[in-house]
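Examination of the molecular architecture
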Amino acid sequence: MEQTLSIIKPDAVAKGVIGKILDRFESNGLKIAAMKKVQLSRQDAEAFYAVHAARPFFNDLVDFMVSGPVVVTVLEGENAVLKNRDLMGATNPKEAAPGTIRADFAENIDANAVHGSDSLENARNEIAFFFSGREIS
Ligand code: CMP
């Protein structure tokens, strides 16, 4: 069993597709072990995406992530990290396979509907960033 972190980003929350995205997880064997809706501060978004601080898209990414509330979940299941990445599709929705979350709900590479941890180690760190142990079950 693995756990991974998912963020339903401001574009998908604003569009009213939280439920449709959660259904993709639950219908594909990923259990929602923790969940909350959060308005990130600038400091939150900068810290969460610190690994991208030197990238040219960093400021736009932070601006976007604080533009409205997000829904953060811990997903649990067999191969949860990879499974979630398969369900999300490619970072750029134009390259995302048909039937993936980003192909179906994302606008562009910035407003790309969801974030998902890219490794087990990052998943552990990202889960700890948002949730305490007692919030996960
Ligand atoms: P996410 O999985 O949340 O991780 C970092 C985000 O930066 C990514 O999704 C995209 O929304 C955004 N981003 C914008 N431009 C790029 C890019 N050229 N490469 C990777 N990520 C990008």
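Preceding block: the structure.
Here we summarise the structure given alongside this text. Every chain is numbered independently, its residues counted from 1 as its sequence is written. Local features in a predicted model are, by the rule used here, given only for residues with pLDDT of at least 70; side-chain atom pairs are given and counted only at 80 or more, and totals for whole chains, interfaces and linings are based on all residues. As a convention, hydrogens and water are excluded, and side-chain values are obtained from all of the structure's heavy atoms.

A few words on the pattern of salt bridges. For salt bridges, the criterion is a side-chain nitrogen of Lys or Arg within 4 Å of an Asp or Glu carboxyl oxygen. Applying the stated criterion across every chain, the model contains six salt bridges. We note a salt bridge from Arg-42 to Glu-46, for which the minimum N-O separation is 3.9 Å. Within this pair, Arg-42 and its partner Glu-46 are both found in helix α3 (residues 42–48), separated by four residues, close to a single helical turn. For Arg-42, a relative accessible area of 38% translates into the label partly exposed. A single network of salt bridges, built from pairs that share partners, joins Arg-42, Glu-46 and Asp-63. Segments assigned H or I by DSSP are reported as helices when at least four residues long, segments assigned E as strands when at least two residues long, and all are numbered from the N terminus. Exposure classes here rest on a 1.4 Å probe applied to the protein chains alone. A residue is buried below 20% of its type maximum, exposed above 50%, and partly exposed in between.

Moving on to the nonpolar core. Remark: nonpolar core denotes a set of buried residues (Ala, Val, Leu, Ile, Met, Phe, Trp, Tyr, Cys) joined through side-chain atoms within 4.5 Å. Residues Leu-5, Ile-7, Met-65, Val-72 and Phe-130 are the most contacted members of the largest nonpolar core, which totals 21 residues. For this core, the element with the highest residue contribution is helix α4 (residues 58–65), accounting for five residues. Any two residues whose heavy atoms approach within 4.5 Å are treated as being in contact. Residues contacting Ile-7, with those up to four places away along its chain left out, are Phe-48, Met-65, Val-70, Val-71, Val-72, Ala-113, Val-114, His-115 and Phe-130. Among the nonpolar cores identified, the runner-up in size contains 18 residues, and Val-13, Leu-30, Val-71 and Ala-106 belong to it.

A few words on the packing of aromatic side chains. Two aromatic rings, drawn from Phe, Tyr or Trp (for Trp, its six-membered ring), form a pair once their centres lie within 6.5 Å of each other, and the interplanar angle then sorts them: stacked below 30 degrees, edge-to-face above 60, tilted otherwise. Taken as a whole and assessed by the stated rule, the structure comprises four aromatic pairs. Consider the rings of Phe-48 and Tyr-49, whose centres lie 5.0 Å apart with planes at 85 degrees: the pair is edge-to-face. The exposure classification of Phe-48 matches that of Tyr-49, with both residues buried. For the pair Phe-48 and Phe-129, a centre-to-centre distance of 5.5 Å together with 65 degrees between the ring planes defines the contact as edge-to-face. A residue pair is termed long-range when its members are at least 10 positions apart, and Phe-48 in helix α3 and Phe-129 in helix α7 (residues 120–130) qualify at 81 residues. Of the aromatic side chains, those joined through ring pairs into one cluster are Phe-48, Tyr-49, Phe-129 and Phe-130. Think of it as a cone above the ring: NZ of Lys or CZ of Arg counts as a charge over the ring if it is within 6 Å of the ring centre and within 35 degrees of the ring normal. Across the ring face of Phe-131, the terminal group of Lys-36 is positioned such that the distance to the ring centre comes to 4.6 Å.

Looking now at the sheet that holds strand β2 (residues 31–38). Any two strands between which DSSP finds at least two bridges are classified as paired. Reading across from one edge, β2-β3-β1-β4 is the order of the four strands in this open sheet, with antiparallel pairing throughout. Whereas interior strands pair on both sides, the edge strands pair on one side only; in this sheet they are β2 and β4 (114–116). Here the strands of the sheet are splayed against their neighbours by 20 degrees on average, with no regard to which way each runs. With seven bridges connecting them, β2 and strand β3 (residues 70–77) associate as antiparallel partners. Considered in β3, the bridge of Lys-31 is made with Glu-76. Here an angle of 0 to 180 degrees is reported between the N-to-C directions of two axes, which are lines fitted to C-alpha atoms, with helices fitted over the stretch in contact. Across the face of the sheet, α7 comes into contact with β1 (2–8), β2, β3 and β4 while running at roughly 60 degrees to β1.

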